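Here is how the chains run, residue by residue.
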Amino acid sequence: MIHKMSRFTTLLTLCLIVLVATACGITADTTSNTAQTTSQTEEKGTQMATDAYGNQVEIPIAPKRIVYTDNTVGDLLIFGIKPVGVVQQGLQYATYKDELKDVADIGWPPSPEKIVELQPDLIITSTPDQKQNETLSKIAPVILTNEWDPMPDRIKRLGEWLGNKQLPEEFLARHEAEIVKMWTALQQDGTIQKDETASVFQYMIGQKRLSVYTTSYLTGFVYNKDGFKPTTAIQKMIDNPDDYGYADISTEQLPEIAGDRIFIVYYSDEELKEVENMTKGPVWSQLPAIKEGKVYFVNGGLGISTDPLAREELIKQLPVMLKK
């Protein structure tokens, strides 16, 4: 009996040795393969980066010629990088429009022919058009951002791609301190009251479409623990993944959605005239914020492209708007 147990123990020990050796071999191979892949990308001057949707993309380690297709170009400018190509449509309202006036216009939708001429080493876009992105990827690596994401998320992600994680942290620390100072001053002088609500709308005259913003653009600035809060109806939209960014609504929903303060974003003089007349209509004119004169028309350069540089300008301009 003892003899049989001894043989069994020896056999078991041998099996364990084989298993451990095999596992170590697999681990060593995996580590070796990972190191080899990393070494190969470094040799090519590239890195594996994670896009806004969790996909791995091989991009240059230090891209110099970037085509940027979104209207949050300030995200890139704070890194001291001027893109070689942008979509100029809409940027005429940006706070940094003069800095971009000589940058090539790639049109909308982006023109592959124009982009080829620019010889970019990276294309950054939030356009989910797979066919279009496949075409662009033949020109240069394409990586997806998401312009609907909050500004801090966007610039931190960009910092990882550009190999500069420190700059977004430093910018955000200073920026948030300035915002706290702004809201504190507005409360102390009685311009705003604690727990006031706000809502941000845009009416697109081309599509005859009224939208309320939930998590993007101007809401990322006015919704603040020291500033305004979303209404209950808007908070429900914020919590609903289908309404991420914005939601289209009807005029009849306004009494439930509108806050103590109403911000209406416009993009052109024609659109401004339209929304000013709209607020005189039967539903709008009965809203408490309209009756009390707490409605603010915000130029698209501030209200739509709420990127870092637009937010910096908002710190100066919002108090002026609220005190009128």
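Scroll up a little and you will see the structure.
Residues numbered from 1 in each chain as written. Predicted model: local features only at pLDDT ≥ 70, side-chain atom pairs only at ≥ 80, totals over all residues. Heavy atoms only, no water.

Chemist: What's the story with helix 7 (residues 166-188) in this structure? I'm lost.
Modeler: An α-helix turns once per 3.6 residues; consequently, residues spaced three or four apart project the same way. In this model, helix 7 (23 residues) spans 33 Å end to end at C-alpha, consistent with the 33 Å of a helix rising 1.5 Å per residue. Among all positions in helix 7, only Pro168, Phe171, Leu172, His175, Ile179, Met182, Trp183 and Leu186 are buried. Looking at the packing, one finds that the buried side of helix 7 touches helix 6 (151-162), helix 8 (219-222) and helix 14 (308-322). Positive phi shows up at glycine 190, right after helix 7, with a value of about 85°. (Helix = DSSP H or I, 4+ residues; strand = E, 2+ residues; numbered from the N terminus. Expected span 1.5 Å × (residues − 1). Buried < 20%, exposed > 50% of the residue type's maximum accessible area, 1.4 Å probe, protein only. Contact = heavy atoms within 4.5 Å.)

Chemist: Could you clarify how one ought to interpret the pattern of salt bridges in this entry?
Modeler: It is possible for side chains of opposite charge to pair when their charged atoms get near one another. Per the stated rule, a full pass over the model turns up 12 salt bridges. Where lysine 225 meets aspartate 226, a salt bridge forms, and the shortest distance between an N and an O atom there is 3.2 Å. Using a relative accessible area of 71% as the deciding quantity, one classes lysine 225 as exposed. Here aspartate 226 falls in the buried class, since its relative accessible area comes to 19%. Lysine 294 is the salt-bridge partner of glutamate 292, the closest N and O atoms lying 3.5 Å from each other. Taking the relative accessible area as the measure of exposure, lysine 294 reaches 24% and is therefore partly exposed. Put simply, Arg174, Glu178 and Glu312 are held in one network by salt bridges that share partners. (Salt bridge = Lys/Arg side-chain N within 4 Å of Asp/Glu carboxyl O.)

Chemist: When you look at the packing of aromatic side chains in this model, what are you seeing that I'm missing?
Modeler: One pair of aromatic rings is described through two measures. These are the centre distance and the angle between the planes. Within this structure, the stated rule accounts for nine aromatic pairs. The interplanar angle of 55° and the centroid separation of 6.2 Å between the aromatic rings of phenylalanine 228 and phenylalanine 263 together place this pair among those described as tilted. With phenylalanine 228 in the loop between helix 8 and strand 10 (229-230) and phenylalanine 263 in strand 12 (residues 261-266), the pair connects residues that are 35 residues apart, well separated along the chain. Looking at phenylalanine 263, the relative accessible area reads 0%, which means it is buried. Measuring from ring centre to ring centre gives 5.1 Å for phenylalanine 263 and tyrosine 296, while their planes differ by 35°; the resulting arrangement is tilted. You can see phenylalanine 263 sitting in strand 12 and its partner tyrosine 296 sitting in strand 13 (residues 295-299), a full 33 residues away along the chain. We classify tyrosine 296 as buried; its relative accessible area is 7%. Among the aromatic residues, ring-to-ring pairing joins Trp148, Tyr213, Tyr217 and Tyr246 into one connected group. (Phe/Tyr/Trp six-rings, centres within 6.5 Å; stacked < 30°, edge-to-face > 60°.)

Chemist: What is the right way to look at the sheet that holds strand 5 (residues 104-105) in this model?
Modeler: Working definition: the strands of a sheet are paired by backbone hydrogen bonds and lie parallel or antiparallel to each other. The strand order across the open sheet formed by five strands is 5-4-3-6-7, and the pairing between neighbours is parallel. Looking along the sheet, the strands with just one partner apiece sit at the ends: strand 5 and strand 7 (142-144). (Pairing = 2+ DSSP bridges.)

Chemist: Even after reading the chapter, I still don't get the nonpolar core, so can you show me in this structure?
Modeler: As a rule of thumb, soluble globular proteins bury nonpolar side chains together. Core analysis: the largest hydrophobic core is formed by 51 residues, its most contacted members being Phe201, Ile262, Phe263 and Trp284. If near-sequence neighbours (up to four positions away) are discounted, phenylalanine 263 is found in contact with Ala198, Ser199, Val200, Phe201, Leu218, Val222, Phe228, Tyr296, Val298, Leu318 and Leu322. (Core = buried A, V, L, I, M, F, W, Y, C linked by side-chain atoms within 4.5 Å.)

Chemist: In this structure, what is going on with unusual backbone geometry? I would like to understand it.
Modeler: Across the chain, the bulk of peptide bonds are trans and the bulk of non-glycine residues have phi less than zero. Residues tryptophan 108 and proline 109 are joined by a peptide bond in cis, for which omega reads -5°. On the secondary structure map, proline 109 appears in the loop between strand 5 and helix 4 (112-118). Backbone geometry at tyrosine 217 places phi at a positive 55°, although glycine is not the residue there. Within the secondary structure, tyrosine 217 sits in the loop between strand 9 (209-213) and helix 8.

Chemist: Would you take a moment to explain the pairing of strand 8 (residues 197-204) for this structure?
Modeler: Looking down a regular strand, the side chains alternate between one sheet face and the other. Strand 8 sits mainly inside the fold: eight of its eight residues count as buried. Judged by which residues are buried, strand 8 turns out to be covered on both faces: Thr197, Ser199, Phe201 and Tyr203 on one side and Ala198, Val200, Gln202 and Met204 on the other are all buried. Across four bridges, strand 8 lies against strand 9 in antiparallel orientation. In the strand pairing of strand 9, tyrosine 203 is matched with leucine 210. Between strand 8 and strand 9, which follow one another and run antiparallel, lie four residues, and lysine 208 among them has a positive phi close to 50°.

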